[in-house]
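What follows is each chain in one-letter form.
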Amino acid sequence: MALTTSSTNQSVLDAQLELWHTSLAYIKSMALKCALELRIADAIHSHGGAATLPQILTKITLHPSKIPCLRRLLRVLTTTGVFSAQQHLDGGGEQVVYGLTLASQLLVGPSNLSPMTSAMLHSVTVSPFLGLSAWFQRELPAPSLFEMEHGHTPWDFTPQNPDAGGLSNESMVSDSSFIMNIVVKECGDIFNGVTSLVDVAGGLGGAAQAIATAFPHVACSVLDLPHVVANAPASTNVKYIAGDMFESVPPANSVFLKWILHDWSDDECVKILKNCKKAIPPRHAGGKVIILDMVVGAGLPNQKHKETQVLFDLFMMSINGTERDEQEWEKIIFQAGFSDYKITPVLGVRSIIEVYP
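Because the structure is predicted, anything quoted here is derived from the model rather than measured.

A. Main features of the environment of Thr308. Mapped onto the elements, Thr308 comes out in helix H16 (residues 303–317). Spatially, the C-alpha atom of Thr308 lies 27 Å from that of Val12, the residues being 296 residues apart in sequence.

B. Region of interest: the state of the cysteines. Under the counting rule described, the total for this entry stands at zero disulfides. The thiol of Cys187 is not disulfide-bonded; the next cysteine sulfur, from Cys220, is found 16 Å away. On the accessibility criterion, Cys187 (3% relative accessible area) is buried. Cys276 provides the cysteine sulfur closest to Cys220, a residue in no disulfide bond, and the two sulfurs are 15 Å apart.

C. Quick look at the packing of aromatic side chains. All told, the structure shown has eight aromatic pairs when counted by the stated rule. A centroid spacing of 5.4 Å and a plane angle of 85° characterise the contact between Phe146 and Phe157, whose relative ring orientation is edge-to-face. Here Phe146, found in helix H10 (residues 145–150), pairs with Phe157, found in helix H11 (residues 154–160); they are eleven residues apart in sequence, far enough to count as distant. In this structure, Phe146 and Phe157 share a single accessibility class: buried. Through successive ring pairs, a cluster of aromatic residues spans Trp155, Phe246 and Trp264. Against the face of Tyr356 rests Arg283, its NZ or CZ located 3.8 Å from the ring centre. Between the NZ or CZ atom of Arg324 and the centre of the ring of Trp329, over which it lies, the distance is 5.7 Å.

D. Quick peek at the side chain of Ser176. Here Ser176 shows up in helix H12 (residues 162–186). Looking at Ser176, its side chain comes within polar contact range of the side chain of Lys258, at 3.4 Å. In this structure, Ser176 is in contact with Asn181, Gly206, Ala207 and Lys258, ignoring residues within four places of it in sequence.

E. Seen up close, the environment of Pro301. Mapping Pro301 onto the fold places it in the loop between strand E8 (288–296) and H16. Residues Pro301 and Ser133, spaced 168 residues apart in sequence, show a C-alpha to C-alpha distance of 30 Å.

F. The pattern of salt bridges, seen in detail. By the definition in use, this model includes eight salt bridges. Residue Asp175 is joined to Arg350 by a salt bridge in which the shortest nitrogen-to-oxygen separation is 2.9 Å. Of this pair, Asp175 sits in helix H12 while Arg350 is found in strand E11 (residues 350–356), placing the two residues 175 residues apart along the sequence. Linked through salt bridges whose partners overlap, the residues forming this network are Asp175, Lys258 and Arg350.

G. Looking closely at the packing of helix H2 (residues 25–38) against helix H7 (residues 114–121). The interhelical angle for the contact between H2 and H7, taken along N-to-C directions, is 130°, at an axis separation of 10 Å. Judged by the angle between their axes, H2 and H7 are oblique. The interaxial crossing formed by H2 with H7 has left-handed handedness. Across from Ser29, Met30, Leu32, Lys33 and Leu36 in H2, the residues of H7 making contact are Ser114, Thr117, Ser118 and Leu121. Looking at the contact of H2 with H7 residue by residue, the classes come out as four nonpolar, four polar and one charged.

H. Molecular detail of a nonpolar patch on the surface. Among the surface-exposed residues, Leu19, Trp20, Leu24, Tyr26, Ile27, Met30 and Val126 lie close enough to one another that they form a single nonpolar patch of about 700 Å² accessible area. Sorting the residues of the nonpolar patch by element identifies helix H1 (7–23) and H2 as the ones contributing at least two each. Among the elements that make up the nonpolar patch, the one with the highest residue count is H2 (three residues).

Rules behind the numbers
Residues numbered from 1 in each chain as written. Predicted model: local features only at pLDDT ≥ 70, side-chain atom pairs only at ≥ 80, totals over all residues. Heavy atoms only, no water. Helix = DSSP H or I, 4+ residues; strand = E, 2+ residues; numbered from the N terminus. Disulfide = S-S within 2.5 Å. Buried < 20%, exposed > 50% of the residue type's maximum accessible area, 1.4 Å probe, protein only. Phe/Tyr/Trp six-rings, centres within 6.5 Å; stacked < 30°, edge-to-face > 60°. Lys NZ or Arg CZ within 6 Å of the ring centre and 35° of its normal. Polar contact = N/O pair within 3.5 Å; in protein donor to acceptor, adjacent residues only side chain to side chain. Contact = heavy atoms within 4.5 Å. Salt bridge = Lys/Arg side-chain N within 4 Å of Asp/Glu carboxyl O. Axes fitted to C-alpha atoms, helices over the stretch in contact; angles between N-to-C directions. Parallel < 35°, antiparallel > 145°, perpendicular 65-115°, else oblique. Left-handed = near helix turned anticlockwise from the far one by under 90°. Nonpolar A, V, L, I, M, F, W, Y, C, P; charged D, E, K, R; others polar. Patch = residues over 30% accessible without salt bridge, like charges linked within 9 Å, V, L, I, M, F, W, Y side chains within 5 Å. Areas by Shrake-Rupley, 256 points an atom, 1.4 Å probe, with all protein chains shown as cover.

Written as structure tokens, this is what we have:
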């Protein structure tokens, strides 16, 4: 007899599936975190991008009793698309060959996203979300989720916790290396007419160095806090300036803000943008602010794209930051005294926003 389910019951079962799928989504994250810590992607990469389980085991540290568990971990990681799996026949029978997908290729090599991914999955980052409902019950202005969990803001926490601070810096460097390679190839025209540029809160200068290398005619500098500038590389084609973006921004033809404004409230963003406006010449003289950030709702109209943007917004809420839609960007841009802006959504879930005085 054929097994069938009535449409009513199937709808209820589908609804249960949706609840389970969402409830267990953190397992996907923790499986990826485990893969990073075990360096499974590196093990597969070392075998030319495809490896059997015995080959992977030669490259990772694992108690022999856990080999069956590793198979189960890999089953999750292949089902979710982090790795690929193909059945191959050999003299001893059938075995699975694991490979790198486009996603896991971003976790290996000299310029990879492992530090950024590890930072997003670190217990320091994840643990505040266990108190999300308690945070919602507190009156604003309240400590951020992060501060409620750790007793400090992220900016005060990282100097006191070198491991977390180091990972945070590495994550920003890896992201700059990844995204700026695309920016200079796909969005190079945004630097037309730019003769000098200051990268505000640019850290160790990864983004500014990429711009300076791709466009040698642009004199690039980085503004950041003194303790950050103190660790800046010595021999680069970028100038480092110690300062505070809330006080002033050094004069330049253009100001670059990569993934900065989403950390701050509207009032704080307006203050930063006003200082940027003071630093640049009028529009007819080529002055503009270039923002690399997320514009919620901009870009590809698919579900994963939209879901990632709104998840990132909740992620930023943990430090009292926010991801803005176009109307929210327009509000702070005009409040800061700018006259116009242009959004170019060509960087995945992020966009380039050119802001004109």
